[in-house]
Amino acid sequence: QVQLVESGGGLVQAGGSLRVSCAASGSCFRINTMGWYRQAPGKQRELVAVITSGGSTNYALSVKGRFTISRDNAKNTVYRQMNSLKPEDTAVYYCNAEVVVAATAGYGMDYWGKGTLVTVSS
């Protein structure tokens, strides 16, 4: 059983910064892509950023240049650095990881964190 535990987040003023992390625990034979998604009030869930096991990244246009995703493979942890935050960034942010749970699994499956609320005040 794989668990993704998110830490950080909270309330921040517009223009401020936050750094959050998501650690995978349990049976993690190999973790492929990790990433962040968010869902703003009344909006659809959207991709924020993803990072491959090799370190390649992709960002949503709305956060590009302001957010940075990184990972520590030794700790099975992905990070999200958010700078120049805007009220429009207010959302529940979800950690995602594609995890191969065992050598015998042969493929990875998506796991999700419970989500953390980031509120950006104007």
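Details of the structure are given in the entry above.
Keep in mind that this is a model prediction, so the values were computed, not measured.

Rules and cut-offs
- Residues numbered from 1 in each chain as written.
- Predicted model: local features only at pLDDT ≥ 70, side-chain atom pairs only at ≥ 80, totals over all residues.
- Heavy atoms only, no water.
- Disulfide = S-S within 2.5 Å.
- Helix = DSSP H or I, 4+ residues; strand = E, 2+ residues; numbered from the N terminus.
- Buried < 20%, exposed > 50% of the residue type's maximum accessible area, 1.4 Å probe, protein only.
- Salt bridge = Lys/Arg side-chain N within 4 Å of Asp/Glu carboxyl O.

Enquirer: Give a description of the state of the cysteines that names residues and reports values.
Expert: A full pass over the atoms with the stated rule returns 1 disulfide. Disulfide pairing places Cys-22 opposite Cys-95 at an S-S distance of 2.0 Å. Its S-S torsion of approximately -85° makes the covalent link between Cys-22 and Cys-95 left-handed. Highlighted residues: Cys-22 in strand β3 (residues 18-26) and Cys-95 in strand β9 (residues 91-100), separated in sequence by 73 residues. We note that Cys-22, like Cys-95, is buried.

Enquirer: Requested: an account of the pattern of salt bridges, with residues and values cited.
Expert: Under the definition given, this model contains 3 salt bridges. The salt bridge partner of Asp-89 is Arg-38, with a shortest N-O separation of 3.0 Å. Of this pair, Asp-89 sits in the loop between β8 (77-82) and β9 while Arg-38 sits in strand β4 (residues 30-39); the two residues are 51 residues apart in sequence, bridging distant segments of the chain. Asp-89 gets classed as buried once you look at its relative accessible area, which sits at 2%. Asp-89 is the salt-bridge partner of Arg-66, the closest N and O atoms lying 2.7 Å from each other.

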